[in-house]
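Breakdown of the fold
Here's the letter readout for the chains.
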Amino acid sequence: MKRRTFQAEGARVGRPVVEAVAAELGMAVEQARALVEAGAVYLAGRRCREPEALLRAGQVVAVVLEEGGRSPLEAPAPPPPLSILFEDAALIAVDKPVGITAQPTEGRVGESLVDLMSERLGGPAGLVHRLDRETSGVTVFGKTAQATRALAAAFREGHARKRYVAATGPGLPTSGTVDLPLSKDPSRPGRWRASRAANGVPALTDFRTLYAGEEFCLVELLPHTGRTHQLRAHLTALGAPILGDARYGGAAQAAGLSAPRCLLHAQSLELTHPSTRQPLRIEAPVPEDLRRFFALAQVSVPEGAI
């Protein structure tokens, strides 16, 4: 990510943020306005989408110039079609496509899953859990404040049961539990490490190997906690990073098949419906890129998953 940071001082104090950004970056005011409206400008650490907001003395202005190789002013790609897995008056569940973030990123708003769902619902979608950009599968949103609170509590308290499937490197044991705390890796920004050597947050994952071959494994993952990058870091700690997960050392291909993204899929979710209090199970079909590995290994997943 590329960004420019400057402080409001001297003649900048009392000026609209759009004018200060234009002067700092040497660009037209209208171009600076587009950056503000895209959500790429932060004032005192908070996203500022008001071009005419006046600067106060000492305030720090940060402008995101590039994120993921893209300028915030670059035209967004057409939004992917959303597959609705379940919907009623209280909640909606979708099969999150690969390649979009759960929430707006630092450099832009409008392209995330929560943005797309809010637009579809005509109001704020209650995001209660997140999947990484390259992870696909079941994602649930509350449609009312009451449902959102109940769903958030279910995830926070560990009552929502999640099942993931993944293709990994070889060498996994038949089954087991990974009980390793997670902490930010100081040597690799953006990556988490699973280790007892650091003062990390507790993280617990059960796993069962569905197929173990010389070149890759297929694994079922049942997380008891919902930490950032938990499954990716835990599998790396086992010596079998997820295929296509470049950040954690996952191979880009195995057995002649390519892994163009992190081959992790949130296949099912079980929880108590926030209104009816009845058990609810939601499933998302395994996507084609991961399905090829299951087919090659001649492994079946639970009925309805493929």
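Just above sits the structure.
Attention in this report is confined to the structure presented alongside it.

Conventions adopted
Residues numbered from 1 in each chain as written. Predicted model: local features only at pLDDT ≥ 70, side-chain atom pairs only at ≥ 80, totals over all residues. Heavy atoms only, no water. Helix = DSSP H or I, 4+ residues; strand = E, 2+ residues; numbered from the N terminus. Buried < 20%, exposed > 50% of the residue type's maximum accessible area, 1.4 Å probe, protein only. Contact = heavy atoms within 4.5 Å. Areas by Shrake-Rupley, 256 points an atom, 1.4 Å probe, with all protein chains shown as cover. Lys, Arg positive; Asp, Glu negative; His and termini not counted. Charge placed at Lys NZ, Arg CZ, Asp CG, Glu CD. Phe/Tyr/Trp six-rings, centres within 6.5 Å; stacked < 30°, edge-to-face > 60°.

Brief notes about the overall build of the protein chain
If you tally the helices and strands in the protein chain, you get 6 helices and 18 strands. For the protein chain, the C-alpha atoms occupy an extent of roughly 65 × 45 × 40 Å along the three principal directions. Within the protein chain, the proportion of its 306 residues that are buried is 46%. In the protein chain, the share of contacts with a sequence separation of at least 24, taken over all contacts with a separation of at least 6, comes to 61%. Total accessible area on the protein chain is roughly 14,900 Å²; 49% of this is exposed by carbon and sulfur atoms. In the protein chain, which carries 36 positive and 32 negative side-chain charges, the distance between the mean positions of the two groups comes to 4 Å.

Topic: the packing of aromatic side chains
A full pass over the atoms with the stated rule returns 2 aromatic pairs. Plain terms: the ring middles of Y211 and F216 are 5.2 Å apart, the flat faces sit at 45 degrees to each other, and that makes the pair tilted. Ring geometry for F216 against F293: centres 5.1 Å apart, planes inclined by 85 degrees, an arrangement best described as edge-to-face. Of this pair, F216 sits in the loop between strand 13 (204-212) and strand 14 (217-223) while F293 sits in helix 6 (residues 288-297), placing them 77 residues apart in sequence.

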